Amino acid sequence: MWSGATGLWASVEAAHGWWRESGRPGPERFGLTIAPDGTHTPWLDTPDNPVPVRG
């Protein structure tokens, strides 16, 4: 049974689909920018290519 406000399994499936569509990139291709206000932006290859975050 699935429940909860965030739909965890749907998020996992969406992330897996994005990863496959992006060519199955390895961890060395990811980065994270942390802004002065504390917001986090994950990215692939370069900071101007943000990873879509479902929220």
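For the structure, see preceding data.
Residues numbered from 1 in each chain as written. Predicted model: local features only at pLDDT ≥ 70, side-chain atom pairs only at ≥ 80, totals over all residues. Heavy atoms only, no water.

A.B. asks: What's the story with a nonpolar patch on the surface in this structure? I'm lost.
C.D. replies: Nonpolar side chains collect at one region of the surface, where Leu8, Trp9 and Val12 lie side by side and expose about 310 Å² of accessible area between them. Within the secondary structure, Trp9 is located in helix α1 (residues 8–21). (Patch = residues over 30% accessible without salt bridge, like charges linked within 9 Å, V, L, I, M, F, W, Y side chains within 5 Å. Areas by Shrake-Rupley, 256 points an atom, 1.4 Å probe, with all protein chains shown as cover. Salt bridge = Lys/Arg side-chain N within 4 Å of Asp/Glu carboxyl O. Helix = DSSP H or I, 4+ residues; strand = E, 2+ residues; numbered from the N terminus.)

A.B. asks: Help me understand α1, please; the structure alone is not making it clear to me.
C.D. replies: Here α1 contains 14 residues, and its C-alpha end-to-end distance of 20 Å stays within 8% of the 20 Å for a straight helix at 1.5 Å per residue. The positive-phi residue at the C-terminal boundary of α1 is Gly23, with phi of around 90 degrees. (Expected span 1.5 Å × (residues − 1).)

A.B. asks: So what exactly am I meant to see when it comes to the environment of Thr39 here?
C.D. replies: As for its position among the elements, Thr39 is in the loop between β1 (30–34) and β2 (40–44). Beyond its immediate sequence surroundings of up to four residues, Thr39 is in contact with Thr33 and Ile34. Separated by 2.8 Å, the side chains of Thr39 and Asp37 make a polar contact. (Contact = heavy atoms within 4.5 Å. Polar contact = N/O pair within 3.5 Å; in protein donor to acceptor, adjacent residues only side chain to side chain.)

A.B. asks: What is the right way to look at the pattern of salt bridges in this model?
C.D. replies: Here the idea is simple: oppositely charged side chains can pair when their charged atoms come close. Using the criterion set out here, one finds 1 salt bridge in the structure. With a closest N to O distance of 2.7 Å, Arg29 and Asp45 form a salt bridge. Highlighted residues: Arg29 in the loop between α1 and β1 and Asp45 in the segment after β2, separated in sequence by 16 residues. A residue is classified by how much of its surface remains accessible, and Arg29, at 28% relative accessible area, is partly exposed. Overall, the relative accessible area of 41% leaves Asp45 in the partly exposed class. (Buried < 20%, exposed > 50% of the residue type's maximum accessible area, 1.4 Å probe, protein only.)

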